[in-house]
Amino acid sequence: MRLDIILAGVGGQGILSIATVLGYAAVESGLQLKQAEVHGMSQRGGEVQSHLRISDKSIYSDLIPAGAADMILSVEPMESLRYLPFLSPEGWLVTNTTPFRNIDNYPELERVLEEVKRIPNHVAIDADAIAKEHSNSRGMNMVMVGAASVFISLEFEKLQNGIRYIFGRKGDEVVERNLATLQAGRAFAEHARTAAHR
Amino acid sequence: MKNDTVLLLGDEAVAQGALDAGISGFYAYPGTPSTEIMEYAQTSRQAADGNVHRTWSANEKTALEAAIGMSYAGKRAMAMMKHVGLNVAADAFINAGLTGANGGLIVTVADDPSMHSSQNEQDSRFFGKFAMVPILEPSNQQEAYEMCFEGFELSERYDTPVLLRLTTRIAHSRAGVARSTPQGQHEITLPEDKRQFVLLPAIARKRYKTLLGRQDAFEQEAAESRFNRYFEGSDKRLGIIACGLAYNYVMENYQDEGCPHPLLKLSQYPIPRALVQRLVDECDAVLVVEDGMPVVEEQLRGLLNRGATVRGRMSGELPRDGELNPAIVRAALGFEAQPGGSVPEGIVPRPPALCAGCSHIDSMNAINAAIRDVYGDGRVFSDIGCYTLGALPPYNAINSCVDMGASITMAKGAADAGLTPAAAIIGDSTFTHSGMTALLDAVIDNTNMIVCILDNSTTAMTGGQYSHAYGRLEQICAGLGVDPDHIRTLRPTRKTHDEFVQIIKEEIEYEGVSVIIPQRECIQTQARRAKLAKQGA
């Protein structure tokens, strides 16, 4: 088993909480893990990426080789496209569709989404809207984890345990809300996969 | 993953390794990518229980000197810094090679190839060679952890400081680390020779001979080190030397099948010549893969490159600058690139920017209005911190960023040359790091210049660490001899813009050293404090 995921977003969007949940699930499954993070200057509203590698064998490089990622999991649509050179031809692009506009020359959203749709294996999900529907306006990241869960060979239950682990301190209500958000993301992606393969 | 395994960043693995190896003091100034070593120590229960020193120092030089002092007293100590921090601490570092160590002394330096968050990409292994001390360069987080044990032992065995070299990718990458049984701290034991640390010429000459005399032993240690490994290979058209993290990029391309070429994994220096000789003897050519500068490759080639066929960054198989990655190394190994997509047109970069509401924005606007818009662009010397982003649009406010503290000294030099007005912009933490002596120079000469100390009450750029300037700036400036009438403090906001501009204009009229202190807390640390207060309530 081997899973290479590029996590993408903008500084401050909290992609590391996604890495924490996936990482927790991997460790609980007895798997090896390497996760390269971005710290420092690029965090100030700049583009951020994290390379998450999970395997049942030794992992050498901390960085995912170009063309080898099984998935780009992005919390922002333009950022999902920035890392396409990493995506394997069979890999999945799973991205939030809500743009994060902190620059004047942000391209037209329609064009960005058109580019996303050109990728044969893609899921475009309005994670912000789904999170809001579940009264969890800050739960966009967990929608994305739920969407990703459809395409990766980590047990869903282990991801749920990851959520219990990171939100446990905040009480049962927060945990339940995030579990529901995770489930909603998963449901959306399951539907999208079926549609794509029809 | 085993049960005794913890998930740690490379930086955290160093901190945990040092703690488990019985360290008594961490000394550091924040700097990406080294900051998390100290931050981990500061939140560690184990460090608190052991009363391990773990507060920040004013700069890398004071940090390393304090670590040398702790080593003198017989306890294990570590100084941590980013690569350019070692320039600041270089005087202490090179001379520590001569004084030697008493308690184990490790200098951990995190290099930043590709300059993700730095002014240059210098390779600290050059410094290690310069100081003639052993260098450890982990290839993964587990080795980073274990090298703290080995490093302290090596340091004590040979009475020498040891350089532990990290790069960004290992410092900021998380992996499972299996811990060893923690060891207790040392008791105070003074050096047997009470003049060992006195580098008077007569003593320094002796100490230098001692250091020279140890070089063979250092090399022998490297030859026998378990971190250096010679892997046999049947395809001898090529031999590979893979340094530190670069070993992973080589192996990524072979995986479980193993590397078909003879391979020397190099993680401890000085370079063990016997192992290199063996590789050169049995292979037609040697590829040197190292992250950073071609330190090993250059030595192997020599000035005239008349020996073995050596490939690497200098011959063009690998790029001369920038960080390595699996794809770059893949090409150097002769494999075709893996197919991948390309970035579509119209995907624009998202450069880092000052946060909305940041006090530096108000400072940049006032300085532009009072200086650039009146006298033209080119008179504002700046420094290292978030405010360096003032060089970018929409501000285009600053004209220099060279090294910590250089804003004040460069403004002084330009003022000495006759440039008026000449202004310096420096952050509060950068000021106490290296700006105070610069300001003293200006005071002594009564230089006609303006120094703006942007006081956001933290070391913001690296994530909000304690600033030594906190609550002391006016006192420090007055103590250095700045006329208190020309130390002007205000709270920079949109509302106080006119007042700020007026103050700068008044101080431009004053012939002498003026210090203006716009004072408003970093919005990031403010938000964090508010959150903590809420949680505590």
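Residues numbered from 1 in each chain as written. Chains lettered and ligands numbered in written order. Predicted model: local features only at pLDDT ≥ 70, side-chain atom pairs only at ≥ 80, totals over all residues. Heavy atoms only, no water.

Some points on the confidence of the model for chain B
In the predicted model, chain B carries a mean pLDDT of 96, and 99% of its residues have values of at least 70. Reported confidence for the predicted complex is 0.93 by ipTM and 0.96 by pTM. (pLDDT = per-residue confidence, 0-100.)

Observations regarding the packing of helix 5 (residues 140-149) of chain A against helix 6 (residues 156-167) of chain A
All names here are of chain A. At a minimum axis distance of 10 Å, the contact between helix 5 and helix 6 shows a crossing angle of 165 degrees. Considering their axes alone, helix 5 and helix 6 lie roughly antiparallel with respect to each other. Our pair here, helix 5 against helix 6, has a crossing hand that is right-handed. Taken together, the residues of helix 6 that come into contact with helix 5 (itself represented by M142, V145 and S149) are F156, L159, I163, I166 and F167. When the residues that make up the contact of helix 5 with helix 6 are grouped by side-chain class, the tally is 7 nonpolar, 1 polar and no charged. (Axes fitted to C-alpha atoms, helices over the stretch in contact; angles between N-to-C directions. Helix = DSSP H or I, 4+ residues; strand = E, 2+ residues; numbered from the N terminus. Parallel < 35°, antiparallel > 145°, perpendicular 65-115°, else oblique. Left-handed = near helix turned anticlockwise from the far one by under 90°. Contact = heavy atoms within 4.5 Å. Nonpolar A, V, L, I, M, F, W, Y, C, P; charged D, E, K, R; others polar.)

Looking at the sheet that holds strand 5 (residues 87-96) of chain A
One open sheet holds the 8 strands; their spatial order is 6(A)-5(A)-4(A)-1(A)-3(A)-2(A)-7(B)-1(B), and the pairing between them is mixed. The sheet is open, and its two edges are formed by strand 6 (122-125) of chain A together with strand 1 (5-9) of chain B, each paired on a single side. Across the sheet, the mean angle from the axis of one strand to that of its neighbour is 20 degrees, orientation sign disregarded. Sheet topology note: the strand 5 of chain A/strand 6 of chain A ladder contains 4 bridges and is parallel. Residue pairing across strands places V94 of chain A opposite V123 of chain A, the latter belonging to strand 6 of chain A. The sheet strands contacting helix 5 of chain A are strand 4 (69-74), strand 5 and strand 6 of chain A, and the helix crosses strand 5 of chain A at an angle near 145 degrees. (Pairing = 2+ DSSP bridges.)

Digging into the packing of aromatic side chains
Summed over the entire model, instances satisfying the criterion amount to 10 aromatic pairs over all chains. Ring centres 4.5 Å apart and planes at 20 degrees place the aromatic pair Y24 of chain A and Y165 of chain A in the stacked group. Taken together, the residues span a long stretch of sequence, with Y24 of chain A in helix 1 (residues 15-28) and Y165 of chain A in helix 6 at a distance of 141 residues. A residue is classified by how much of its surface remains accessible, and Y24 of chain A, at 25% relative accessible area, is partly exposed. The interplanar angle of 80 degrees and the centroid separation of 5.1 Å between the aromatic rings of Y72 of chain B and F197 of chain B together place this pair among those described as edge-to-face. (Phe/Tyr/Trp six-rings, centres within 6.5 Å; stacked < 30°, edge-to-face > 60°. Buried < 20%, exposed > 50% of the residue type's maximum accessible area, 1.4 Å probe, protein only.)

A short note on the interface of chain B and chain A
At the interface, 50 residues of chain B touch 46 residues of chain A. Both sides together, the interface formed by chain B and chain A hides about 4,000 Å², and carbon and sulfur atoms give 55% of it. At the surface where chain B touches chain A, the tally comes to 6 salt bridges. Among the salt bridges present, the one from E76 of chain A reaches R350 of chain B, with a minimum N-O distance of 3.2 Å. (Buried area = accessible area lost by both parts, 1.4 Å probe. Salt bridge = Lys/Arg side-chain N within 4 Å of Asp/Glu carboxyl O.)

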